[in-house]
Amino acid sequence: MTEQKFSTGVPDQPILQPTEFDPEDEYRPEPEPEPHPPSWMDGRVRIGIHTSIAGSYLNALESARKLGCNALQIFSASPRMWQGGSTRISDVDAKAFRARREELRLGPLVIHANYLLNLASAERMLQTRSIQAFHDEIVRAIALRADFLIVHPGARGESTTEQAISTIVESVKQASKHAPMDGLRILIENTAGMGTSVGARLEELGEILAGLRNLPVGACLDTAHLFAAGYDIKSPGGLASTIGQIDGAIGLENVPVIHVNDSKIPLGGRVDRHEHIGKGKIGAEAFARILRHPRFSAAAPEGLPGRAFVAETPIDDPGDDRRNVAMLWELAGLKGQEPEAEKGFSMLTAALQKRISLHRKTEKKRNAKRETLPSGRGRRRTPRRSEKKPRTKKGGARKGSAKKKRG
Ligand SMILES: [Zn+2]
Ligand SMILES: [Zn+2]
């Protein structure tokens, strides 16, 4: 770094220095520095929510803080657009983000990958495109020093589940080739089992992870997806048996992030529709059990230090985001001990809400036209409701900034 200071703006040239060769150096490499755990692995409960990067990456950090979170999830680019080749994050932006995050002591930082990716696709073109886009996701995640990058396994289309799983494994391997993972861990998320999506069964996730065992990987489990896929996490007995199944297929120690979403869909309904915590088919009582369960905790020995609960709940009205975060702290039994939220803050303001409803009408028309596309691609145009909002917000109210990101 210090050599840089002597730069005069002339393109860097390798400087050869006549150093003496000491054969001893060859045989006594310096010991690796003792890896110290990051501050967010302090054993405390970690609660976050998906926050919008509209305007600036820094805005997501401020939103997380104002909502009373100590962890957060973001998209690193627009989640429903294929990015061009120039979506790297500038060093200045990345540096500012990392510094501010450290100040706010937010962690873990979770990034959710683009929804258009289909790492399971048997269509060569789509698979290649997905691999490239996922590689870019990894590069951006590393620039932001994210701890986890979550991706959905994808849709198998006409392929068998086994074929799809080996395609996913191959795709992830290729995407992460030559990427210095540098503390980043890829998490494969379970699905609700809509259409031909892979990963509704825990065993499928287990097989994907087994195929990727040489890479830093793990799983993200979504409560709404588990429930819709038929895992009864609502009843005490069902939760115990689900934990047993997670341990059998994946190992709960390999699940550092849990998406906490209530479900609009009943048990086994195989549709992905998120609901406010406590207002859906899973219910507050069950969430209290999950949030306080020693096996799901963020503290050793039974839990996993740094494990985070991240909400992807809908924001139907201003304040829904703040209320869901507050509800999670309350159900975790930590009301009064949580980070202070900013009174009245919401990622959704009344003015924004108005613009969104206008924007949605236009989108509805557009979507009607798109219905004619093949199902594999159309599937992603009707994503979870919860994530639709921040996106619409971006497209609707802050078009300029969203565009800039894409550029
Ligand atoms: Zn999720
Ligand atoms: Zn979902």
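Residues numbered from 1 in each chain as written. Chains lettered and ligands numbered in written order. Predicted model: local features only at pLDDT ≥ 70, side-chain atom pairs only at ≥ 80, totals over all residues.

Student: What exactly am I supposed to notice about helix 10 (residues 320–331) here?
Tutor: Along an α-helix, a turn takes 3.6 residues, which lines up residues three or four apart on a common side. The end-to-end C-alpha distance of helix 10 is 16 Å, a good match for the 16 Å that twelve residues give at a rise of 1.5 Å each. Looking at the buried side of helix 10, the elements it contacts are strand 1 (46–50), helix 9 (284–292) and strand 10 (308–311). Of the residues trailing helix 10, Gly 333 is marked for its positive phi of about 80°. (Helix = DSSP H or I, 4+ residues; strand = E, 2+ residues; numbered from the N terminus. Expected span 1.5 Å × (residues − 1). Contact = placed C-beta atoms within 7 Å.)

Student: Teacher, can you tell me more about the nonpolar core here?
Tutor: Nonpolar side chains in soluble globular proteins tend to be buried together. Core analysis: the largest hydrophobic core is formed by 96 residues, its most contacted members being Leu 72, Val 110, Leu 149, Ile 150 and Leu 328. Considering each element in turn, this core owes the most residues, six residues, to helix 5 (residues 161–176). When residues no more than four places from it in sequence are discounted, the contact partners of Leu 149 are Ile 111, Ala 113, Glu 137, Ile 138, Ala 141, Leu 184, Ile 186 and Leu 187. One finds Met 347, Leu 348, Leu 352 and Ile 356 within the second-largest nonpolar core, a separate group that totals five residues. (Core = buried A, V, L, I, M, F, W, Y, C linked by C-beta atoms within 7 Å. Buried ≥ 20, exposed ≤ 12 C-beta atoms within 10 Å, placed from the backbone.)

Student: Teacher, can you tell me more about the sheet that holds strand 7 (residues 257–259) here?
Tutor: Working definition: the strands of a sheet are paired by backbone hydrogen bonds and lie parallel or antiparallel to each other. Read around the barrel, eight strands follow the order 1-2-3-4-5-6-7-10 and close on themselves; strand pairing throughout is parallel. The average undirected angle you get between the axes of adjacent strands in this sheet is 25°. Bridge count for strand 1 against strand 2 (residues 71–74) is three bridges, and the pairing is parallel. Its bridge partner lying in strand 2, His 50 is registered against Gln 73. (Pairing = 2+ DSSP bridges. Axes fitted to C-alpha atoms, helices over the stretch in contact; angles between N-to-C directions.)

Student: When you look at unusual backbone geometry in this model, what are you seeing that I'm missing?
Tutor: Trans peptide bonds make up the majority, and among non-glycine residues the majority have a negative phi. Each neighbour pair has its own omega, and for Gly 107 with Pro 108 the value is 0°, a cis peptide bond. Among the structural elements, Pro 108 can be located in the loop between helix 3 (91–104) and strand 3 (109–112). Even without being glycine, His 178 reaches a positive phi, approximately 65°. According to the C-beta neighbour criterion, His 178 is exposed, with 8 such atoms within 10 Å.

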